Amino acid sequence: MNSLQKMQLMYILPNLFTAASAFLGVISVISSIQGNYTKAIIYVVLSLVLDGLDGRVARLTKTTSKFGVEFDSLADLVAFGVAPAILFYIVIGVQFGKFGALIAAMFVVFGAIRLARFNVTTGTYEPNVFIGLPIPTAAIVSVLWIGVYLDYEILQGFEWFYVLLQSVLAVLMVSNIRYPSFKKMNLKQTHVMRILVVLVVAFSMLYLYPFESATIVMSVYTLYGIIRAAIMFSKNSKKKESE
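Going by an unreviewed UniProt entry, the protein carries the name CDP-diacylglycerol--serine O-phosphatidyltransferase and comes from Campylobacter curvus. Under the UniProt heading Sequence similarities (unreviewed entry), the entry covering the protein gives this text: "Belongs to the CDP-alcohol phosphatidyltransferase class-I family." Checking UniProt for the protein, the heading Catalytic activity (unreviewed entry) contains the comment "a CDP-1,2-diacyl-sn-glycerol + L-serine = a 1,2-diacyl-sn-glycero-3-phospho-L-serine + CMP + H(+)".

Draft legend 1. Inspection of the packing of helix H3 (residues 66-91) against helix H5 (residues 135-151) at higher detail. Remark: H3 packs on H5, axes separated minimally by 9 Å, with the N-to-C direction vectors making an angle of 25°. By the angle class used here, H3 and H5 are roughly parallel. As for how H3 packs across H5, the hand of that crossing is left-handed. Contacts between H3 and H5 involve Asp76, Phe80, Gly81, Pro84, Leu87, Phe88 and Val91 on the former and, on the latter, Ile135, Pro136, Ala139, Ser142, Val143, Ile146, Tyr149 and Leu150. Split by residue class, the contact of H3 with H5 holds 12 nonpolar, 2 polar and 1 charged.

Draft legend 2. How the structure looks around helix H4 (residues 98-121). Its 24 residues place the ends of H4 34 Å apart at the C-alpha level, agreeing with the 34 Å of an ideal helix rising 1.5 Å per residue. Inspection of H4 places Gly100, Ile103, Ala104, Phe107, Gly111, Arg114 and Leu115 among the buried residues, and these make up the whole buried set. Turning to H4, the residues buried within the fold contact H3, strand E1 (129-131), H5 and helix H6 (159-173).

Calculation criteria
- Residues numbered from 1 in each chain as written.
- Predicted model: local features only at pLDDT ≥ 70, side-chain atom pairs only at ≥ 80, totals over all residues.
- Heavy atoms only, no water.
- UniProt positions renumbered as here; feature names shortened; annotations may be inferred.
- Axes fitted to C-alpha atoms, helices over the stretch in contact; angles between N-to-C directions.
- Helix = DSSP H or I, 4+ residues; strand = E, 2+ residues; numbered from the N terminus.
- Parallel < 35°, antiparallel > 145°, perpendicular 65-115°, else oblique.
- Left-handed = near helix turned anticlockwise from the far one by under 90°.
- Contact = heavy atoms within 4.5 Å.
- Nonpolar A, V, L, I, M, F, W, Y, C, P; charged D, E, K, R; others polar.
- Expected span 1.5 Å × (residues − 1).
- Buried < 20%, exposed > 50% of the residue type's maximum accessible area, 1.4 Å probe, protein only.

This is the structure:
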């Protein structure tokens, strides 16, 4: 294999991960329609793994391209926009008629806006934050909470909470709330031992209670941005009053 063929293969590899992510998104939709909700959730989670791999592979092989960025966004819209929205509508939204359909559609549309804004603003703000909740995070929070709903009968009757949650996730995606990004972590500047301890505890909980632990972790991440924004707003308001 000559160097040209190797280069072509390196360009194909990250896009292959992206294609696989989109494929799993479609399979998740089909699983939701067939009533295989657990499989639908698993496929969205697997899409998240592949979505993380495609970008890292592209950066490692130095094969990032405009085509790859656009393709990744389209794949994300399927896997993290359409798939969670369909699952939400079939499990929860259908009970609310047209309003449930509206919430599901809003999640997809706001997700598309989030992706478009990300593409045109990348590089204009610090790389260690996201402006607005990332669509993969919104998708994972949505499907995990639906999984909890299906597993725990005690949540039957709290469907309104899920409609509110789906609406909040949609709005957070197009908000200006900042969320930490772990893509640019510099381990030399962090407390490695503390991180190691936290990771050991986290993986232990995931081993014992995988579904519940993942739901809590992702929910805490989502709430962090809201709480941080509220604190900053309060501080700025007090500062203006004092001036």
